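Coordinates in review
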Amino acid sequence: MNFDTGVADRLIGACRDAARTLQDQRGGRESISTAALTEFRGVFADCFRENVAAERAARSELVHMLEDVARQVQDAKSAAEVEQRRLDDVTEWVLASGWVRAGGGVGVNVGPRPSMEETDRPVVSVNTVRQGLRVWASGSTAGASSADPDTLESAVSTFRIQDDSDRGAANRVSAAGSEFEDKCSWVHSDLDAVRGGLRRFLEDNHQDATRLSDIASTFRAAGGSGDVGQVTVSNGLLVLATVPMSLSGVALLSYLSTATEADVKALATMPGWQQTLQGLDPSKIGTWWAGMNAGAHPAANESGLTQVQELLLAAAPAMFGALDGMPALARVRANRLNSPSLLRAAEKDLETARKLWGSGKHTTTRTEQRCWKMRWPT
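Every chain is numbered on its own, with residues counted from 1 as its sequence reads. Where totals are concerned, whole chains, interfaces and linings use all residues; where local detail is concerned, this predicted model gives features only for residues with pLDDT of at least 70, and gives and counts side-chain atom pairs only at 80 or more. The side-chain values count all of the structure's non-hydrogen atoms but skip hydrogen atoms and water molecules.

1. Topic: the overall build of the chain
The condition is simple: For the purposes of this entry, the term helix denotes a DSSP run of H or I that reaches at least four residues, the term strand denotes a run of E that reaches at least two, and both are numbered from the N terminus. Only protein chains enter the accessibility calculation, which uses a 1.4 Å probe; a residue whose area is less than 20% of its type maximum is buried, one above 50% is exposed, and one in between is partly exposed. Working rule for contacts: check all heavy atoms of both residues, and any pair within 4.5 Å makes them a contact. Per-residue accessibility takes into account occlusion by the displayed protein chains alone, with areas from the Shrake-Rupley method and a 1.4 Å probe.
Tallying secondary structure elements over the chain gives 14 helices and four strands in all. Counting the 378 residues in the chain, one finds 42% classified as buried. Across the chain, every contact between residues at least 6 apart in sequence was considered, and the portion connecting residues at least 24 apart equals 77%. Summed over its atoms, the accessible surface of the chain is roughly 19600 Å², and 52% of this surface lies on carbon and sulfur atoms.

2. What about the side chain of R220?
Our working definition: Definition of a polar contact: a pair of N or O atoms within 3.5 Å, with one able to donate and the other able to accept a hydrogen when the atoms are protein atoms, and with sequence-neighbouring residues admitted only if both atoms are side-chain atoms.
As for its placement among the helices and strands, R220 is situated in helix 5 (residues 192–223). Within polar-contact distance, the side chain of R220 engages the side chain of D150 at 2.5 Å. A distance of 2.7 Å separates the side chain of R220 from the side chain of E153, its partner in a polar contact.

3. Considerations on helix 5
We count it as follows: Expected span of a helix: the number of residues minus one, times 1.5 Å.
Look at helix 5: 46 Å from first C-alpha to last across 32 residues, which is about the 46 Å you get at 1.5 Å a residue. A positive backbone phi angle near 100° is found at G224, which sits one or two residues after helix 5.

4. Quick word on the nonpolar core
Quick note on the threshold: Throughout this description, the term nonpolar core refers to a set of buried Ala, Val, Leu, Ile, Met, Phe, Trp, Tyr and Cys residues connected via side-chain atoms within 4.5 Å.
Ranked by internal contacts, the top residues of the largest apolar core, which has 59 residues, are F40, W273, L277 and F320. Of all the elements, helix 5 adds the most residues to this core, at seven residues. Apart from the residues within four sequence positions on either side, F40 is in contact with A45, F48, S146, A147, L152, L212, I215 and F219. By size, the runner-up hydrophobic cluster in this structure holds 38 residues, among which are L66, V73, C184 and V187.

5. With respect to empty space enclosed by the protein
Basically, it comes down to this: A cavity here means a set of 1 Å grid points, computed over protein atoms only, where a 1.4 Å probe fits but cannot escape. A pocket is an open set with protein on both sides within 12 Å along at least 5 of 7 lines, and lining residues have an atom within 4 Å of a point. Grid points are joined across faces, edges and corners, and a volume is the space filled by probe spheres set on the points. Each residue receives one of three labels: charged for Asp, Glu, Lys and Arg, nonpolar for Ala, Val, Leu, Ile, Met, Phe, Trp, Tyr, Cys and Pro, and polar for the others, Gly being one of them.
Per the counting criterion, the structure on display carries two cavities of 30 Å³ or more. In this structure, the largest cavity spans a volume of roughly 50 Å³. A18, L22, D166, A169, A170, L198, F201 and L202 are the residues that line the largest cavity. Of all the secondary structure elements, the ones that give two or more residues to the lining of the largest cavity are helix 1 (5–24), helix 4 (149–183) and helix 5. Residue composition of the lining of the largest cavity, by class: seven nonpolar, no polar and one charged. Roughly 30 Å³ of internal volume is contained in the second largest cavity. Taken together, L11, C15, V69, V173, S174, G177, L191, V194 and R195 form the lining of the second largest cavity.

6. Describing the packing of aromatic side chains
Just so we agree on the cut-off: Each Phe, Tyr or Trp ring (for Trp, its six-membered ring) is paired with any other whose centre lies within 6.5 Å, and the angle between the two planes then decides the class: stacked below 30 degrees, edge-to-face above 60, tilted in between.
In total, this model carries nine aromatic pairs according to the counting rule given. Geometrically, the ring pair formed by F3 and F180 is edge-to-face, given 6.2 Å between the ring centres and 90° between the ring planes. Of this pair, F3 sits in the segment before helix 1 while F180 sits in helix 4, placing them 177 residues apart in sequence. F3 sits in the buried class, given a relative accessible area of 15%. Taking 6.1 Å as the distance between ring centres and 15° as the angle between the ring planes, the aromatic pair formed by F48 and W136 counts as stacked.

7. Topic: the environment of F180
Given the relative accessible area of 0%, F180 is considered buried. In contact with F180, other than residues within four places in its own chain, are F3, V7, A8, L11, V73, V124, S185, V187 and S189.

8. So, the packing of helix 4 against helix 5
Basically, it comes down to this: Axis geometry follows a simple rule: fit a line to the C-alpha atoms, using only the stretch in contact for helices, then measure angles between N-to-C directions, giving values from 0 to 180 degrees. Here is the rule for angles: anything less than 35 degrees is roughly parallel, anything more than 145 is roughly antiparallel, 65 through 115 is roughly perpendicular, and the remaining ranges are oblique. Left-handed is the label given to a crossing in which the near helix is rotated counterclockwise from the far helix by less than a right angle, and right-handed is the label when the rotation is clockwise.
Two elements in contact, helix 4 and helix 5, have axes whose closest approach is 9 Å; the angle formed by their N-to-C orientations is 165°. The orientation of helix 4 with respect to helix 5, classified from their angle, is roughly antiparallel. Both helix 4 and helix 5 take part in a crossing whose hand is left-handed. When its residues are assigned to classes, the contact of helix 4 with helix 5 shows 16 nonpolar, seven polar and nine charged.

9. Comments concerning the packing of helix 1 against helix 4
As a packed pair, helix 1 and helix 4 sit with axes 9 Å apart at the nearest point and diverge in direction by 155°. Considered as vectors, helix 1 and helix 4 are oriented roughly antiparallel to each other. Remark: the crossing between helix 1 and helix 4 carries left-handed chirality. The residues of helix 4 that touch helix 1, namely those facing V7, A8, R10, L11, A14, C15, A18, T21 and L22, are S165, D166, A169, R172, V173, A176, G177, E179, F180 and K183.

10. So, helix 10 (residues 282–291)
To be explicit about the condition: What the arc measures is the spread of directions leading from the helix axis to the C-beta atoms.
Buried residues of helix 10: I285, W288 and W289, and no others. An end-on view of helix 10 places all buried positions within 95° of arc, on one side of the element.

11. Comments concerning the environment of E67
Within the secondary structure layout, E67 lies in helix 3 (residues 43–101). Among the residues examined, E67 registers a relative accessible area of 44% and is labelled partly exposed. Spatially, the C-alpha atom of E67 lies 9.1 Å from that of A18, the residues being 49 residues apart in sequence.

12. Points about the side chain of T218
Along the polypeptide, T218 turns up in helix 5. Only 2.7 Å separates the side chain of T218 from the backbone oxygen of D214, close enough to count as a polar contact.

Any functional reading would require information beyond the geometric quantities listed.
Here you go:
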């Protein structure tokens, strides 16, 4: 009979500890989520609110599942003890009967034969835990959202601390479950749903923390450093920050045409949208740029650039200065805006070259080649 009571006890303990960990975190997670939502407005806040509810429900399901597994293993342990006593009785009776038949037990009453029917082998198994889908955005750029990045960042910090604790508890349950399946094979066990449920829960929580962190960083960048309070940005910016691949090239161009000053502050810290623009057909870039000069967009300077155009060029001058499809004058303006950074890079390269000369380790390097090849934008 393959059943190790010590292994069974370890699985019972791991499941109960994990259930208690998940249960004890509820209050803290609820409190920090409520605080984060206090000044969070817009479609992404709605997504977060729905995900908070989905996480809460999944947590309850997992607690019940872990408690159920612990109960089933405890019952299996009791059944194994019954079966082991029966086997011991059978062994004792067989030995005693053989001794009597051999003539060594004259006058010994071996008693009635114990039951030869094996105890029903118990089953340890649970159904897959129901966990709602976590969704963060539909890819729509319409509307705006606002939040205080401090409260979002605080929630992210709490979530990650809890997730680390949950991950440790889940790993202990998984290890104890595998050991139980190996060393307690007398029991019919299937613990895949336990491992899968915990893994899905951790993955979903990790995604929530990552998305909320991206959103908090975007609000932070849009408002500037320090304590910025509540910041408002376009939903298109948050789409780029969280699920950039859901935004088509056409949708990206449409969003950029109406980006706010706060949006552009954050765009300057996000490279993904630049890569998308560089992959578009140059004719589409030209048409899009020219379209921003039509209608009621006010010119920002003597070059005839609108305020949005000027903001975009300042956010990514190096990219716009080399982007196929951009008008020549816009590229010149972008390169002029990029001149200070080029100068700083050149000065750094020259300083590196001087140090190489001084150390006596000089050879012609890419650093020097870059210095020689650098030209001021015209």
